[in-house]
Amino acid sequence: MDAPAAGVPAPPPNSVTTDPTALVVFQPSGKRGRFAHGTPVLDAARELGVQIESVCGGRGICGRCQITVAEGQFAKFGITSSEDRLSPKGFIENRYDEKRGLAADRRLSCTARIEGDLVVDVPDASIVAGQTIRKDANTIGMIRNTALRLCYVELPEPDLETPVGDADRLAAEIELEFGYENVEVPFHLIADVQRAMREAKCQVTACVDISGARPTVISVFNGYQEEMCGLAVDIGSTTVAAHLVDLMNGEILGSAGRANPQIRFGEDLMSRVSYVMMNDGGRERLTDAIRLCVNELTTELLDKTGRDRSHLLEAVFVCNPVMHHLFLGLDPTPLGQAPFNPAVSHAVRPEAADLQLEFAPNARVYMLPIVAGHVGADAAAVALAQQPQIKTKPVLIVDVGTNAEILLWDGKTLFAASSPTGPALEGAEISSGQRAAPGAIERIRIDPETLAPRYRVIGSTLWSDEVGFVESVAGTGVTGVCGSGIIEVVGEMLLAGIISPDGIIRAPQNESETSRLVGQGRTWAYVISENNPRLMITQNDIRAIQLAKAALYAGVKLLMDKANILSLDDIRLAGAFGSYIDPQYAELLGLVPDCPADKVLAVGNAAGQGALKALLDLDARREIEATVTRIIKIETALEPEFQTHFVNAMGLPNSKEPFELTRKHFGLPDLSPPDDGKRRRRSRRNRD
Ligand code: FES
């Protein structure tokens, strides 16, 4: 329990005192002190450093300062009387209760006054830096300690006696009532302040950004205003995902996503950089495309949630370095060649208008820092969300996407790299591949005797050989294979002996196999479905997956080499796609190092989680800004060993490394002695 932070020191429990002050204990922090009778509870809390929220400056309007007084006697604190602990409800609380409702056990701490010893329970919703309380899977447990604060003030009308400017009076009042020091009203906001003060008779709500060296007013509203929301956006090479968040309680109001429109200029990052290099105005076109996409997502979310654009005051973005540069309007071409120097690597905080973002006027943007020229703010966000540094044992985190972000914590140091896997692992550039959407095959099993597949598609819980499957997919059909399905189909083809460990699709060996293995020029293809559309996996598809997974694994191996780590038993797959890969198939393909399959966990969209965390918690921004300076960055393109690891990783699961646990799990023969070329019928154990 914390010691008293301020106020009059509390006496030891059970001591007898004639002190005219009252003992106040705030829970759950346990901070306590003695205060004169008549002191507002909010003042006592502030003096002790208990950060109870207030938007209205204690005027009984916002209701954000609510507390509960614990009933009963508390011998451990020396509180033995339960009489007259707080002043009775007065006009202000009754008025608030009438207008907005106040639960019977709740009091407004700004008006309730201390009249006796008491234990005060401060609900999470009333604590600045409290945990978010809504049962939302994405922000639950995150700390809400926002960079922006709303401050309502009521100033006297100007008079001849006090000829002080509106902006100066506003800053002084915010300092007085909310305890901020040296508040700045920037020049471009002075006209707004003047207008609001005149129109609203000097009763205005200022939005103050407390993240910089000086608290700065960024927006001013007429009268009392208590809505403020923000966006957390993950700009991936392939997809853009955004969450609209209520900054007053941490609730995610809505989420939306769409394909990154820059795809039309190039599927992968380097082809987009090439587009910029080869085309006049190319950079501007790519910048405009992504900003337009963010604006469209914003409008969609505001429409969907009924929120007003004027209340969208902050946004946090995470993305890889190329996306980062293009979104900020910076030239990405130096990122395409050694030394891969970014234009800026620290966190930046432009105004939304600087980026042509259609948020509230004067809204702010926070872009997480870049780790290195090839390792972006998305990797920083993954580190922020996953916190590998709190573990004493090694942790590997792989954010699987068009560009894979790899983080390795060895117990003392955090290493990071990025590997250009390309879009194949997400189902793109695969002949029957598609984005994850209803109708896409996401799970598949192949019978090693008949080579017949059975599969499940997104939108149906039934397998294709179960009764009712056809009806369940009547609305979508079976349209393609998404990323997780591609991983599984390649793994199953290996297990069924359709492909060799070096990825060659074999020819049919009897009549019955000719419907499944069909000729494609000089190579063979495996047919999953003859229905419209015909779905099959070609030799080129297998090659594309091998190249992608080899690039990813080579990056992982490089980091393991640097950290001198031979094995791992905490591997986390992140990313919108990584989270859907069945970990045992990730092992089977050799995407990640050999380890027990139950030690490979899918952790969701960690970069997006990191963006949410940075949006809600100012301290999280400080933390990641410090962390990135300590990360050891590895540029895979400059490491001679990368090529060796890459070539070895082309095999399934690997041409050189034994992958003993994985082979044992799937009943694969040992790597050595070398494969005798016989067609293998695999055990089907452990994979359903
Ligand atoms: Fe606003 Fe108490 S601080 S109602």
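Residues numbered from 1 in each chain as written. Predicted model: local features only at pLDDT ≥ 70, side-chain atom pairs only at ≥ 80, totals over all residues. Heavy atoms only, no water.

Peer 1: Requested: an account of the pattern of salt bridges, with residues and values cited.
Peer 2: For the coordinates displayed, the defined rule picks out 29 salt bridges. The closest approach of N and O atoms between R258 and E300, which form a salt bridge, is 2.5 Å. With R258 in strand β13 (residues 252-259) and E300 in helix α6 (residues 282-305), this pair connects stretches of sequence that are 42 residues apart. Classification of E300 by relative accessible area gives partly exposed; the value is 29%. Of the charged contacts in the structure, one is a salt bridge between K393 and D569, with a shortest N-O distance of 3.8 Å. Note that K393 is positioned in the loop between α8 (377-386) and β16 (395-399) and D569 in the loop between α11 (539-563) and β25 (571-574), a separation of 176 residues in sequence. (Salt bridge = Lys/Arg side-chain N within 4 Å of Asp/Glu carboxyl O. Helix = DSSP H or I, 4+ residues; strand = E, 2+ residues; numbered from the N terminus. Buried < 20%, exposed > 50% of the residue type's maximum accessible area, 1.4 Å probe, protein only.)

Peer 1: Just give me the short version of α6, but keep the residues and values in it.
Peer 2: For an α-helix the count is 3.6 residues per turn, leaving residues at separations of three or four pointing the same way. Look at α6: 35 Å from first C-alpha to last across 24 residues, which is about the 34 Å you get at 1.5 Å a residue. Of the residues trailing α6, G306 is marked for its positive phi of about 70°. (Expected span 1.5 Å × (residues − 1).)

Peer 1: Before we move on, could you go through the sheet that holds strand β15 (residues 364-367) and cite the residues and values that matter?
Peer 2: In space, the 5 strands of this open sheet follow the order β13-β12-β11-β14-β15, with mixed pairing throughout. Of all the strands in the sheet, just β13 and β15 have a single pairing partner and so form its edges. Averaged over all pairs of adjacent strands, the angle between strand axes in this sheet comes to 15°, irrespective of strand direction. Pairing between strand β11 (residues 229-235) and strand β14 (residues 312-319): 7 bridges, direction parallel. What sits directly across from D234, in β14, is V318. (Pairing = 2+ DSSP bridges. Axes fitted to C-alpha atoms, helices over the stretch in contact; angles between N-to-C directions.)

Peer 1: Outline the packing of aromatic side chains, listing residues and values.
Peer 2: Pairs of aromatic rings are described using the distance from one ring centre to the other and the angle between the two planes. Under the counting rule described, the total for this entry stands at 7 aromatic pairs. Ring centres 6.0 Å apart and planes at 80° place the aromatic pair Y455 and F469 in the edge-to-face group. Linking Y455 in strand β20 (residues 453-457) with F469 in helix α9 (residues 469-472), this pair joins segments that are 14 residues apart in sequence. F469 carries the same exposure label as Y455, and that label is buried. (Phe/Tyr/Trp six-rings, centres within 6.5 Å; stacked < 30°, edge-to-face > 60°.)

Peer 1: I'd like a description of the sheet that holds strand β19 (residues 440-446), backed by residues and values.
Peer 2: An order of β20-β19-β21 is seen for the 3 strands of this open sheet, with the pairing classed as mixed. Taken across any chain shown, the strands that pair with only one partner, and hence form the sheet edges, are β20 and β21 (480-481). Contacting β19 and β21, helix α10 (residues 483-495) crosses the sheet at an angle of about 15° to β19. (Contact = heavy atoms within 4.5 Å.)

Peer 1: For the environment of A242, give the residues involved together with the corresponding values.
Peer 2: Within the secondary structure, A242 sits in strand β12 (residues 239-246). Taking relative accessible area as the criterion, A242 reaches 2% and is therefore assigned buried. It is 8.2 Å that separates the C-alpha atoms of A242 and V294, two residues lying 52 residues apart in sequence.

Peer 1: Which residues make up the packing of helix α5 (residues 269-278) against helix α7 (residues 321-328), and what values do they have?
Peer 2: The N-to-C vectors of α5 and α7 enclose an angle of 35°; their axes lie 10 Å apart at closest approach. Note on packing geometry: the crossing formed by α5 with α7 is left-handed. Seen from α5, the contacting residues are L269, M270, R272, V273 and V276; seen from α7, they are V322, M323 and L326. Here the residues of the contact of α5 with α7 are counted per class, giving 7 nonpolar, no polar and 1 charged. (Left-handed = near helix turned anticlockwise from the far one by under 90°. Nonpolar A, V, L, I, M, F, W, Y, C, P; charged D, E, K, R; others polar.)

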